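Geometric and topological summary
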Amino acid sequence: EVSVAALQTSRAMAARVGGTGVSVSEQEAANIFRELPELQKLYLSVVPSLLTATAFWERCFASRYYREAMGQTVSPMHPEDAIFDSLERALPSEGTASMPG
């Protein structure tokens, strides 16, 4: 379960997403990474080699992975994101995980 602090950070970040990019402070990033350590691993592996920090956060906040982690309902038609979809499989979700039988 994601903490209230992470949800507040998520809402603040979502409000700042726009044509001018996303600005995430070090403290905001630390709060998010504390709740979603797998996201920090991804960040460290792709910034700055594949993405700028701004591009990472823009894609993160728009991703199925992040939206589901924040408890939002995500449409099956939500666009795919190859980088963040790899994390999606790591999230526990009801009714979609196959149980060994």
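As a reminder, the structure under discussion sits directly above these lines.
Once a new chain begins, its residue numbering starts again from 1 and follows that chain's sequence as written. The predicted origin of the model limits local features to residues at a pLDDT of at least 70 and limits the giving and counting of side-chain atom pairs to 80 or more, whereas totals for whole chains, interfaces and linings rest on all residues. Derived side-chain values reflect all non-hydrogen atoms in the structure, with water molecules and hydrogen atoms excluded from consideration.

1. A look at unusual backbone geometry
Heads up, the condition is: Strands are runs of DSSP state E lasting at least two residues, helices are runs of H or I lasting at least four, and both sets are numbered from the N terminus onward.
Note the cis peptide between Val-47 and Pro-48, where omega equals 5°. Summarising the element assignment, Pro-48 is placed in the loop between helix H3 (37-46) and helix H4 (53-62).

2. Brief notes about H3
Defined as follows: Three labels apply to residues, based on accessible area from a 1.4 Å probe with only protein chains included: buried if under 20% of the type maximum, exposed if over 50%, partly exposed otherwise in between. Summarising the geometry, the arc corresponds to the directions from the helix axis toward the C-beta atoms.
Listing the buried residues of H3 in full gives Leu-39, Leu-42, Tyr-43 and Val-46. One side of H3 holds all its buried residues, which, seen down the axis, span an arc of 100°. Of the exposed residues in H3, the ones pointing more than 90 degrees away from its buried face are Lys-41 and Leu-44.

3. A short note on the nonpolar core
Proteins that are soluble and globular tend to have nonpolar side chains buried together. Basically, it comes down to this: Throughout this description, the term nonpolar core refers to a set of buried Ala, Val, Leu, Ile, Met, Phe, Trp, Tyr and Cys residues connected via side-chain atoms within 4.5 Å. Two residues form a contact once any of their heavy atoms are found within 4.5 Å.
Of all hydrophobic cores here, the largest spans 23 residues; its most connected members are Leu-39, Phe-56, Trp-57, Tyr-66 and Phe-84. Only helix H2 (26-35), H3, H4, helix H5 (64-69) and helix H6 (82-88) provide two or more residues apiece to this core. Leave out the neighbours within four places in its chain, and Phe-84 touches Leu-39, Leu-42, Phe-56, Arg-59, Cys-60, Ser-63 and Tyr-65.

4. Quick word on the packing of aromatic side chains
Condition: Each aromatic pair joins two rings of Phe, Tyr and Trp (for Trp, the six-membered one) with centres within 6.5 Å, and gets the label stacked for planes under 30 degrees apart, edge-to-face for over 60, and tilted for any other angle.
Summed over the entire model, instances satisfying the criterion amount to 8 aromatic pairs. Note on Tyr-43 and Trp-57: the rings are 5.9 Å apart at their centroids and 35° apart in plane angle, and the pair reads as tilted. Pair noted here: Tyr-43 is in helix H3 and Trp-57 is in helix H4, with a separation of 14 residues, a long-range link. There is no split in this pair, since Tyr-43 and Trp-57 are both buried. Taking the centre distance of 5.2 Å and the plane angle of 50° together, the rings of Phe-56 and Phe-84 count as tilted. You can see Phe-56 sitting in helix H4 and its partner Phe-84 sitting in helix H6, a full 28 residues away along the chain. Residue Phe-56 is classed as buried on the basis of its relative accessible area, which comes to 0%. Clustering of aromatic rings is evident, with ring pairs tying together Phe-33, Tyr-43, Phe-56, Trp-57, Phe-61, Tyr-66 and Phe-84.

5. Remarks on the pattern of salt bridges
Filter applied, for reference: Salt bridges are defined by distance alone: a side-chain nitrogen of Lys or Arg within 4 Å of a carboxyl oxygen of Asp or Glu.
The final tally for this structure, using the stated rule, is 2 salt bridges. Two residues, Glu-68 and Arg-64, come together in a salt bridge whose shortest N-O distance is 3.5 Å. Residue Glu-68 and its partner Arg-64 are both found in helix H5; the two are separated by 4 residues, about one turn of the helix. Looking at Glu-68, the relative accessible area reads 30%, which means it is partly exposed.

So yeah, pure geometry; function would need other evidence.
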